[in-house]
Amino acid sequence: MHDMDRLGTELAGLHLRNPTVLASGILGISSESLREVACAGAGAITTKSVGLEPREGYANPTVVQVECGLLNAMGLPNAGIRQFSEEIRELGDLEVPLIVNIYGYSAEEFGKVAGIAAESGADALELNLSCPHVKGTGAECGQNPEMVKDIVGEVKSRVKVPVFAKLTPNVADITELAESAVSAGVDAVTAINTIKAMAIDVETAHPMLANKVGGLSGGAVKPVAVRCVYEIYEAVKVPIIGCGGVRTWKDAVEFMLAGASAVQIGSAIAYEDLAVFKSVTSGISEYLKEKGFRSVKEIVGMAHKR
Amino acid sequence: LSGWHINANETRTVRIQKVETETEHAKTFYFEDKLCSLAEPGQFIMLWIPGVDEIPLSLSSATNGLVSVTVKDVGEGTHTLFQMKQGGIIGIRGPFGTHFKITGKTVLVVGGGIGTAPLMLLTFRLLKEGVKPVVVEGAKTKNELLFVKQLLNLQRKVGLEVTFATDDGSYGFKGDATNAAGSVLSSRHVDAIYTCGNEFMTLKVYLLAKKNKIPLQASLERIMLCAIGICGSCVIGKYRVCKDGPVFDQNQLKEVENELGKLTRNFKGERIAIK
C-alpha cells in the first residue's frame, strides 16, 4: 500500500493528499511563498487573513519569543481582497487546495470579501472569527455565538465553496461557538486560533509587543487546542481542523485522535522550516503502518472510544 | 526536538556602550553581546527601541564581545535611537540570516550609502582571512560617505585599495559606485564581488557581475517583522530575505531578476515599485 493512499483524506468535500495544512498568517502574503509551502509537501495551504480594505498592521515588535512558543500581534496587515485576488489567481494551477482566510467588521463585509475570494479561485474559505488583537473584528465577532451565526449564514448564502470557521479559545465554552457555526451551515471548524497573552520586559517595564497584547502559539498552546478539538468533536458532526503547536507527527496524531480530520502547522516552521510538512506526514504514515491502519481517516476521534 | 526556543531569537536587553557619529544622518551604536559577537558578516539583528519600534540592522563590527550597528536616521524608531546615549537600554535579538561567504584571493566590495555598514565587518574579516579586498564606496555627496577615516587608515596600514565615489563629484570618483566598480574591473581581475546598497545599485552591480562572469554575493533589504521566516513580509520571489537571505548569490538573484531593483512589498503586503 502506498503512503499516498494511506495519508489521503477528505475535508468538507476537498481532497487532501495528506492531512497537513499551512495555518493562516504564516507565509501567506504572496503566491510565490504559498507555492513554496505546497511544494514542500503541505496537503493544503491557507492564506493570511484578508479583509475588504488594505491594512498596515501594527508597528514592531510584532512577534516575540516566549517560553514554549511565540507571541504575536501582527495587526492583520493585508493588501485587501481586491489586490490579493491577484495572488489567488496566480495560484490557479496549484496542486493542493487553496483556503483563503478572510476577516470583516460585519457579516455583510465578511460576505463581500468571501464573494471576491471565491470568484478569484479559492477552493475553500476560512473565516477569521478569532484574531485576538484587532478591535472590531476577529475574536470580537467570534466570541459572540449570535454573530458567529450571522457571519457564517451570510457567507454561506454568498458562496458555493466550503466554508470553515476558525474559532477562538478565548471563551468559557468553545463548543457553543462551534454549535452556532454549524447551525448556520458551516462545513468545517478550525480550532484553535492563538490564546490572548502578553509579555513584559523586566529591565524596562515595557510590554514587549507594540500592541501590548497578542496571541500565543506554538507548543505552549497544544494541550489547550487538543482539549478544544476533543470537546468540539463531541458537540458537532462537521469535520475539525486541529491547530495549535503541531510540530511532530505525534502532535498531529494526537490532534486526530482527539477528533481532527486534518491539522494546521504554523509556528513550527520557525523551528523546523518547511521540511516540517514532510517530517510530519512521513511520521504519520509510519504510525499508521505500524498500528495497522489502512487510512488516516480511521484514527480520527479514536480517543473518544476509550 | 530542541524545544520551542531559538537561542538567537531571545530578546536580550543591553546597554549602549558607545555612540559614534559617522555623518550628519548616521551613527554607530556599540553594545556587548556574546551571540552577536560570533555573527558572520552580512547577518542582521532586530534592534528594539522599547516602546517605539524594532528594526532590522546589519552588524557593522564584531570584536571581543563588543559589536556595533551603523544606523541611518530614517524614521520614528531610528530617530528615538539617535537621541539615546551611552548607558541607554535597547533590546536585541539575532544574529539572523545567511552571511557573506569568504572566497577567492582578490575580491571587489561595493557599498552604497548605509549599505556599506555590513561590508565593513566583511572587509575586516576578509583581511583577517588573507583575502585582498578592493573596496568601492559610493554616496550622493562627500558628507554622506561612511567610514572614510577607517578605510583610509586601512589603506595606510595594510595597503587596502579603496575608491570613493560621489554622485556630485565632491569627493573621489564622480559617478555612482557601480561606475567606479566598472572602472576597477576594467583594469584588474577579481575572483568575486560583494555588494550591499540600495536595490537600484544592487541591480546594476548584479548586471555588471553577470557581464563580467564574476560570482556575486549581495545583501538585500525588505520589510522585516518576525525575522524567523514565518510572517512572509520580507519575501522576494520564493525567497524570504530574513531566512533564505539577506545575502544571496548570483544564481538566487537570477531567480528573482524580474523583481530585483523593481518591486518590493509595503507594510500591507501590497506589491509596489521600488522608489
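Values in this document were obtained by computation on a predicted structure and should not be read as measured data.

Cut-offs and rules
Residues numbered from 1 in each chain as written. Chains lettered and ligands numbered in written order. Predicted model: local features only at pLDDT ≥ 70, side-chain atom pairs only at ≥ 80, totals over all residues. Heavy atoms only, no water. Helix = DSSP H or I, 4+ residues; strand = E, 2+ residues; numbered from the N terminus. Rg over C-alpha atoms; globule rule 2.2 N^0.38 Å. Buried < 20%, exposed > 50% of the residue type's maximum accessible area, 1.4 Å probe, protein only. Phe/Tyr/Trp six-rings, centres within 6.5 Å; stacked < 30°, edge-to-face > 60°. Lys NZ or Arg CZ within 6 Å of the ring centre and 35° of its normal. Contact = heavy atoms within 4.5 Å. Salt bridge = Lys/Arg side-chain N within 4 Å of Asp/Glu carboxyl O. pLDDT = per-residue confidence, 0-100. Buried area = accessible area lost by both parts, 1.4 Å probe.

A. Spotlight on the overall build of chain B. Within chain B, the secondary structure is distributed over seven helices and 17 strands. Its C-alpha atoms give chain B a radius of gyration of 18 Å, near enough to 19 Å, the size a compact globule of 275 residues would have. Seen along its three principal axes, the alpha-carbon backbone of chain B occupies a region of about 50 × 40 × 35 Å. The burial tally for chain B puts 57% of its 275 residues in the buried class.

B. Representation of the packing of aromatic side chains. Taken as a whole and assessed by the stated rule, the structure comprises eight aromatic pairs over all chains. Summarising the aromatic geometry, the rings of F44(B) and F96(B) are spaced 5.6 Å apart at their centres and angled 45° between planes, so their arrangement reads as tilted. In this pair, F44(B) is assigned in strand β3 (residues 44-49) and F96(B) in strand β6 (residues 89-96), connecting sequence segments 52 residues apart. Seen from the ring of W4(B), R247(A) lies directly overhead, with NZ or CZ sitting 5.1 Å from the centre. Above the face of the Y30(B) ring, K18(B) is positioned so that its terminal group lies 4.3 Å from the ring centre.

C. The arrangement of helix α9 (residues 249-258) of chain A in detail. Residue and element names in this part refer to chain A. Here α9 lies mainly inside the structure; seven of its 10 residues are buried. All buried positions along α9 are accounted for by D251, A252, V253, F255, M256, L257 and A258. Tucked inside the fold, the buried residues of α9 contact α8 (222-235), β13 (240-243), β14 (260-265) and α11 (276-291). Taken from the residues just after α9, G259 is the one with a positive phi, measuring 130°.

D. Quick peek at the pattern of salt bridges. By the definition in use, this model includes 29 salt bridges over all chains. Here R188(B) and E161(B) are joined by a salt bridge, their closest N and O atoms 2.4 Å apart. Within this pair, whereas R188(B) is found in the loop between α5 (177-187) and β11 (192-196), its partner E161(B) is found in strand β9 (residues 161-166), the two being separated by 27 residues in sequence. Exposure remark for E161(B): the relative accessible area of 29% places this residue in the partly exposed category. Here the salt bridges do not stand alone but share partners, grouping E32(A), E86(A), E87(A), E90(A), R265(B) and R271(B) into one network.

E. Representation of the confidence of the model for chain B within the structure. For chain B, per-residue confidence averages 96 on the pLDDT scale, and residues scoring 70 or more make up 99% of the total. Both scores are available for the predicted complex, with the pTM at 0.96 and the ipTM at 0.95.

F. The interface of chain B and chain A, seen in detail. Counting residues at the interface gives 41 residues for chain B, matched by 50 residues for chain A. Summed over both partners, the interface of chain B with chain A buries about 3,700 Å², with 58% contributed by carbon and sulfur atoms. In this assembly, chain B and chain A are joined by seven salt bridges. Here R265(B) ties to E32(A) by a salt bridge, and the two come within 3.9 Å at their closest N and O atoms. Only β1 (12-23), β3, β4 (53-63) and β6 of chain B provide two or more residues apiece to the side of chain B that touches chain A.

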